[in-house]
Amino acid sequence: MIRSIPVQAVPLGLFDIPAEILPEVNRWFADHAVGHNFTISVVAQEEKGKFIVELFDGSLNVNEKARERMAEMKQQLTDQQLPNSSKLTTAPNVPQELMEVSELTKTTQQNRVHSMFARDDLQMGSNSTPDTSTPKSFDEGNTPALEAIIEHKENVTETSVQSYKSDSEVAQVLKEEVYASCIVGPNYFWCQYSNTEDLNTVSKLAQEAGQIQQDSIFLERLEPGSPCLALFSSDNQWYRAQVILKAGNTLHVVFIDYGNESEVDIENVRSLPQSLLDIAPQAFMCHLKDFNESKGSWNDEVYDDFYNLLINKPLKVTIFNMEGHSEIAVPQYAVEIECDKVVINRLMQKYWRPFSTEQSKNETPLKETQDTETGGNYINTEDLCKVIQLAQEAGQSDQDMTFAETLGPGSPCLALFSSDNQWYRAQVIRRVNDAFCVLFVDYGNESEVDIKDVRSLPQSLLEIAPQAFLCRLNGFNESKGSWDDKASDGFYNLLVDKPLKLTVFSVEDHPEIEVSQFSVEIDYEGMVVNVAMQKYWKPLTEECLMMENPQSPRGNVSTCMYKEPSISKSKTEMVYASCIAEPHFFWCQYTNTEDLCKVIQLAQEAGQSDQDLSLTETLVPGSPCLALFSSDNQWYRAQVMRKTDNTLHVLFVDYGNESEIDIKDVRSLPQSLLEIAPQAFLCCLDGFDESKGSWDDLVYDDFYNLLIDKQLKLTVCNMKDHPEIAVPHYAVKIEDERVVVNATVQKYWKPVTKECLMTENSQCPQGNESACTYKEPRISVNKMVHASYIVEPHFFWCQYTITEDLCKVIQEAGQSDQDMTFTETLGPGSPCLALFSSDNQWYRAQVIQKTDKTLRVLFVDYGNDVEVDIKDVRSLPQSLLEIAPQAFLCHLDGFDKSKGSWDDETSAEFYNLLIDKPLKLTVLNVENHSKLAVLHYAVEIECAGVVVNAAMQKYWKPVTEECAVTESPQREIVPQGGPVECRMTHGNESTCMYKEPSISKNKAEMVYASCIAEPHFFWCQYTNTEDLCKVIQLAQEAGQSDQDLSLTETLVPGSPCLALFSSDNQWYRAQVMQKTDNTLHVLFVDYGNESEVDIKDVRSLPQTLLEIAPQAFLCRLNGFDESKGSWQDEVYDDFYNLLIDKQLKVTVVSAEDHSEIAVPHYAVEIECEGAVVNTLMKKYWNGEGSDGALLENLETADRDETRTVDENVEV
């Protein structure tokens, strides 16, 4: 069946393309346009109805591609007409009629040349463009539905191009009244019109359109930029959206009427009717005008203040510029915002930090020109223009694959700068894997460039001297002083955008970059900059003495706040080994101690300052500081690794060793000490891959003796991030007195010939899981994370991005055959691979609980836990054990569960605050989780400028009074009648709404018996009543609420609730077991007894009480199988009297679901006043000999095991 689609042909023209188009370009466009789907963004409409558009093929901007083709064609003509290429200063202009339509885009070739000298913030054009401060608008005109057809006369193929209507109203008025609908920061936020008439229409139409059946053909055509309808999971409503990314069965979309983004299952996407395409998006993306991210950055404080300034307030925005967003196919507007007659742009100025003279690596090579007489960046740009043109021509040549292999530090080359896709002259600084770090010699900035984006340099470009040169102020010797913290900003403001007169006094080779560095004096309008900077200079007053370095063991640390060590690949350094652990972990320190000497002296001076008492509160893992080393009572630069109440574990970054430091012996680190790179760097011997072998035990002493106290010649062969410590880890070759250490220790290396799987030798022995566990997660400072699994503020998991390589290795390992002996060795805490049934993929896991045929496992890279069949687990290769888990367990800092509880709305609000958002996380404390064998991190989270801890404060209910333990609702037990009175003879009700009791196998617990029926059915309650106390208080508060009449209609067997116990008139947590007309039969889950309750004495259970596990758990004596025997009648009285009102030691031997009640039933051993109750009860058992014999045989072993557990607990 042929499907015909009605379409409308609409005349289109590409924006910013000259009117006179070469035939070759027309042919190219026709060949590539016909038969393709495109996304279009309407820029303007001509008088005759023709639409001027930006055309997108996925993420490819077709307009830009067309301009490139035009430039290539015209370049060929230019080469013939202009033999003197240095005179080329202009290029074809944008047609006049388009300039009248829009003044917003000035990307002619002429402006590209001038942008090398002009500031980036001249967004509205150069001096030739009048009235650049006035916002420009598009022509008036109604934009029709944009379902266009690109038609080619020689081809009958028709291609549908579908897009949202242009948001042209944004630029048609000077000011627009809006609200901020989605706020990330000053450089990315969305505004929504305050007039919501169209938005209401859109919402109504969207719900109707969402009810239609899904079109499978439409789904196949979806690609980045496609408009659609998407179901938002949080409110189950349909909204207009645009696809950003498509991955399998999931789409990442932006909701174009609001600005927020979300992951949407492809089943929850519908095609968009024409009526919804005709209405322009009701939100538009903005950034604050006058803040160019290539020239500065925001303070961390800006995000909260900017959010609070905008949220829920009527705003007036003025549009000054528009450009396409680099990742999302929508326009982004440069705006000025006014709120309550205050201009927000001005208020934000105080948070803006312009870059100092050292450019960031992301800054364009098109650097501002300084007017100089004898140096700097020359004002005579004739040579620079010539260089630019020749560079673009040479960059089009095919790459010589052998050329890249010949490049080393100092080699000249051409390099493609990714920010503007232009070629520039460069010099190699170092090679990093498949990339080069290069210096752009005509501008001075650096960048990392892919190896494929490098070309050889023609002789013509080698013969023209670099147009920029490296300088330093004359008169300031860094070995005799240092700069004040304010020097960088002060120096930048003195020089930026000013014509400078420069005099060279001396020249020397730079110690790290293979260029000359000129010592200069700078004059600006009669002011000598060298003199003006004198006030920022701090000279050293004493000679610097070498001090003994503090030695200590190695460990885990992050030095990300410090600069990286100044060491380059393939460059030889003379060093000493300052801290030696083994060949894969040792620290080296430069033999040139000038900087170290300076650091030591500055550290002693800074250490004499009084301690800032607020400092210790702000210190977290990763914080730089000064620490007093107790062995020599000297101050050294350090970084916090972990924090306890009164001590810090720190790494001494100039030596590599660690120490425990009293918190009073720590000082803040001045900026001058932060700016000097660490004088030690972490190394491993090159040529020994730990995943492919291991060291003999004899290596450690010999390696230490080979290195200690010797001057070593070190060459860096490679560099990568250390998997646990946030520092570079350098693979090095070491020579000592012409002996290559790498070769010398080769005899100690034991290569592995097969992939190392955790079988036999590498298995974790049962009962000793700590011998084979995952490494601790690597928590990186200032690295963004996502919440991967959210339960509530005291229990959620955060995750770093998991690499495709890691996923691939995991899937490959899962394909191996199962080792049947492996599953027998698994116990709680054991690492393994487990198959997740929902997607049939393998994931790294850790065993939580084991039954006969199933395992409950925790997926350590995500945080969720599931039940898996024992046949769906595999052993974990050693290589996967050595990679730390990519997720880690967190709780919000500042909320002590013993001192308060969360509101009922907390979980939903907390989930919405975190889900699908990049989070900035700071670890403030860490402790072991009470139930899982993982660390639990107390954290502060920042999301879109909002501190989540502060935002959640309103949901926290602190406990204001001491919690008095109320008498439990104990029911009277009649032992003579047997267990009938206390036994629950109802059906199979479930307490699944409550969490399982927090009790572990083989762990002794101190308890009281709270409800006793017989040895196969009794309840125990913890002696530690802290949680019980909290539950009681919260229950009384919740019980005072008015009854919800609709509640009783919803109650069914298994429902959790609050019930009034008639004996003491107190409220307790309960679960419905049976329901009649006016009464409920309930189980009190914190005690174990039951009662009949009038239906009017029942209340709904708040979320806070659901989240606390029941404080009682159902037990039976271990060693007595009811299918093989029965109890004598005398047992009931004696068993009751043995247990009642006595403190008991209970050890869980096994657990299974109770046959009638949906709760765990624990087989336990009980010790009371030194006697094992299981043994005492044996005389009342009428059963087969085998069972009694089994009990007899196990008695001694059981008691020994219990004793061992007790001793372990005490240790």
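For the structure itself, look to the data block above.
Residues numbered from 1 in each chain as written. Predicted model: local features only at pLDDT ≥ 70, side-chain atom pairs only at ≥ 80, totals over all residues. Heavy atoms only, no water.

Q: Honestly, the overall build of the protein chain in this entry has me stumped. Any pointers?
A: On a plain count of helices and strands, the protein chain comes out with 31 helices and 69 strands. Counting over 1211 residues, the protein chain shows a buried share of 50%. Here the contacts in the protein chain between residues at least 6 apart in sequence split such that 69% fall between residues at least 24 apart. Accessible surface for the protein chain amounts to roughly 59,300 Å². Of this, 47% is attributable to carbon and sulfur atoms. (Helix = DSSP H or I, 4+ residues; strand = E, 2+ residues; numbered from the N terminus. Buried < 20%, exposed > 50% of the residue type's maximum accessible area, 1.4 Å probe, protein only. Contact = heavy atoms within 4.5 Å. Areas by Shrake-Rupley, 256 points an atom, 1.4 Å probe, with all protein chains shown as cover.)

Q: Teacher, can you tell me more about the pairing of strand β60 (residues 1066-1075) here?
A: Along any regular strand, the residues point their side chains to alternate faces of the sheet. Of all the 10 residues making up β60, 7 are buried; the element is thus mostly covered by neighbouring parts of the structure. By the bridge criterion, 6 bridges tie strand β59 (residues 1056-1061) to β60 in an arrangement that is antiparallel. Its bridge partner lying in β60, C1057 is registered against A1070. Linkage of β59 to β60, two consecutive antiparallel strands, is achieved through a turn of 4 residues, within which N1065 is found at a positive phi near 55 degrees. Pairing analysis gives 5 bridges linking β60 to strand β61 (residues 1079-1084), with the strands arranged antiparallel. Paired with Q1074 across the strands is H1081, a residue of β61. (Pairing = 2+ DSSP bridges.)

Q: Mind showing me how you'd approach a negative patch on the surface here?
A: On the surface, E478, E512, E594 and D595 cluster together into a negatively charged patch. For E478, the position within the fold is in the loop between β25 (470-473) and β26 (481-483). Overall, E478 belongs to the exposed group, its relative accessible area being 54%. (Patch = residues over 30% accessible without salt bridge, like charges linked within 9 Å, V, L, I, M, F, W, Y side chains within 5 Å. Salt bridge = Lys/Arg side-chain N within 4 Å of Asp/Glu carboxyl O. Lys, Arg positive; Asp, Glu negative; His and termini not counted. Charge placed at Lys NZ, Arg CZ, Asp CG, Glu CD.)

Q: I keep staring at the pattern of salt bridges and nothing clicks. Help me out?
A: Side-chain pairs of opposite charge can arise whenever the charged atoms involved come near each other. Going through the model one piece at a time under the given rule, you end up with 19 salt bridges. Taking the shortest distance from any N to any O, the salt bridge between R240 and D257 comes out at 2.7 Å. With a gap of 17 residues between them, R240 in strand β10 (residues 237-247) and D257 in the loop between β11 (250-254) and β12 (261-265) connect regions that are remote in the sequence. When sorted by exposure, R240 lands in the same class as D257, which is buried. One salt bridge connects D450 with K452, and the closest N-O pair in it is separated by 3.7 Å. Among the residues examined, D450 registers a relative accessible area of 33% and is labelled partly exposed.

Q: I would appreciate a short explanation of unusual backbone geometry in the present structure.
A: Glycine aside, negative phi is the norm for most residues, and most peptide bonds take the trans geometry. Positive phi, close to 80 degrees, is recorded for D290, a residue that is not glycine. Note that D290 resides in the loop between β14 (283-288) and β15 (296-298). Backbone geometry at D497 places phi at a positive 60 degrees, although glycine is not the residue there. Tracing the backbone shows D497 in the loop between α14 (487-495) and β27 (501-509).

Q: Even after reading the chapter, I still don't get the environment of V575, so can you show me in this structure?
A: One can find V575 in strand β31 (residues 572-582). Here V575 falls in the buried class, since its relative accessible area comes to 0%. Spatially, the C-alpha atom of V575 lies 8.5 Å from that of K710, the residues being 135 residues apart in sequence. With sequence-adjacent residues up to four places away left out, V575 is seen in contact with C588, Q589, Y590, T591, F681, K710, Q711, L712 and L714.

Q: What is the right way to look at the sheet that holds β11 in this model?
A: Sheet strands pair via backbone hydrogen bonds, and the direction of the pair is either parallel or antiparallel. Spatially, the 5 strands line up as an open sheet ordered β12-β11-β10-β9-β13, and their pairing is antiparallel. Single-partner strands in this sheet number two, and they are β12 and β13 (269-270). In this structure, strand β9 (residues 227-232) lies alongside β13, joined through 2 bridges in antiparallel fashion. Residue pairing across strands places A230 opposite V269, the latter belonging to β13. Each of β9, β10 and β13 is contacted by helix α6 (residues 197-210), which is oriented at about 70 degrees to β10, the strand it contacts most. (Axes fitted to C-alpha atoms, helices over the stretch in contact; angles between N-to-C directions.)

Q: I would appreciate a short explanation of the sheet that holds strand β22 (residues 435-440) in the present structure.
A: Taken together, 5 strands build an open sheet; the order of strands is β23-β22-β21-β20-β24 and the sheet is antiparallel. Of all strands in the sheet, those bounded by a partner on one side alone are β23 (446-450) and β24 (454-455). Bridge analysis of β22 against β23 gives 5 bridges, and the strand direction is antiparallel. Pairing of C437 across the sheet is with E448, part of β23.

Q: When you look at helix α26 (residues 1026-1039) in this model, what are you seeing that I'm missing?
A: A turn of α-helix holds 3.6 residues, and therefore any two residues three or four places apart point the same way. Across its 14 residues, α26 extends 20 Å between first and last C-alpha, which sits within 8% of the 20 Å expected from 1.5 Å per residue. Among the 14 residues in α26, 11 count as buried, and that is most of the element. Those residues of α26 that sit buried are L1028, C1029, K1030, V1031, I1032, Q1033, L1034, A1035, Q1036, A1038 and G1039. On its buried face, α26 sits against β52 (900-902), β58 (1017-1022), β59, β60, β63 (1098-1099) and α28 (1103-1106). (Expected span 1.5 Å × (residues − 1).)

Q: It is not clear to me how the environment of P224 should be interpreted in this structure. Could you clarify?
A: Inspection of the secondary structure puts P224 in the loop between α7 (216-221) and β9. On the basis of relative accessibility, which here comes to 33%, the residue P224 falls in the partly exposed class. Sequence separation between P224 and L245 is 21 residues, and the spatial gap between their C-alpha atoms is 5.4 Å. Excluding residues within four positions of it along the chain, P224 makes contact with T39, G58, V243 and I244.

Q: What exactly am I supposed to notice about helix α19 (residues 699-707) here?
A: Taken as a whole, α19 has its buried residues at V699, F703, L706 and L707. Buried positions in α19, seen along its axis, are confined to an arc of 85 degrees and lie on one side of it. Where α19 ends, the next residue or the one after it, D709, has phi of about 60 degrees, a positive value. (Arc of directions from axis to C-beta.)

Q: Looking at this structure, how should I read the side chain of D736?
A: Mapped onto the elements, D736 comes out in strand β41 (residues 728-736). Ignoring any residue separated from it by four or fewer positions in sequence, one finds D736 in contact with L706, K710, Q711 and L712.

Q: Would you mind going over the nonpolar core with me for this structure?
A: If you look at soluble globular proteins, the nonpolar side chains tend to sit buried side by side. Judged by nonpolar contacts, the single largest core of 27 residues is most densely connected at F1018, F1135, L1139, I1166 and M1177. Within the residue set of this core, elements represented by two or more residues are β57 (1004-1014), β58, β64 (1112-1117), α29 (1131-1139), β66 (1144-1153) and β67 (1160-1168). Ignoring any residue separated from it by four or fewer positions in sequence, one finds L1139 in contact with A1009, I1012, F1018, L1144, I1166 and V1173. (Core = buried A, V, L, I, M, F, W, Y, C linked by side-chain atoms within 4.5 Å.)

Q: What should I look at first to understand the environment of G814 in this one?
A: Position of G814 relative to the elements: it lies in helix α21 (residues 804-814). Other than its neighbours up to four places away in sequence, G814 contacts L833, W842 and R874.

Q: Explanation requested: the side chain of E573 in the structure shown.
A: Within the secondary structure, E573 sits in strand β31. Each residue touching E573, except ones within four places of it in the same chain, is listed here: S566, I567, Y590, L712, K713 and L714.

Q: Would you mind going over the packing of aromatic side chains with me for this structure?
A: The relation between two aromatic rings is expressed through the spacing of the ring centres and the mutual angle of the planes. Counting across every chain of the model gives 47 aromatic pairs. Pairing F469 with F518 gives two aromatic rings, centres 5.4 Å apart and planes at 80 degrees, and the pair type is edge-to-face. With F469 in the loop between α13 (459-462) and β25 and F518 in strand β28 (residues 516-524), the pair connects residues that are 49 residues apart, well separated along the chain. Residue F469 is classed as buried on the basis of its relative accessible area of 19%. Given the relative accessible area of 23%, F518 is considered partly exposed. Centre to centre, the rings of F688 and W749 are 5.4 Å apart; their planes meet at 65 degrees, and the pair counts as edge-to-face. One end of the pair, F688, is in the loop between β38 (680-685) and β39 (693-695); the other, W749, is in strand β43 (residues 749-751), and 61 residues separate them in sequence. (Phe/Tyr/Trp six-rings, centres within 6.5 Å; stacked < 30°, edge-to-face > 60°.)

Q: How do you make sense of the pairing of strand β3 (residues 51-57) when you look at a structure like this?
A: The buried count for β3 comes to 6 of 7 residues, which makes it a mostly enclosed element. Of the pairings in the sheet, the one linking strand β1 (residues 12-14) to β3 comprises 3 bridges and is parallel in character. Residue L12 lies in a different strand from β3, and its bridge partner there is F51. In this structure, strand β2 (residues 39-45) lies alongside β3, joined through 6 bridges in antiparallel fashion. Across the sheet, the residue bridging to I40 is L55, located in β3. The sheet contact formed by β3 and strand β4 (residues 60-61) spans 2 bridges and is antiparallel. When the bridges of β4 are listed, F56 appears paired with N61.

None of the figures reported here should be taken as evidence of function without further support.
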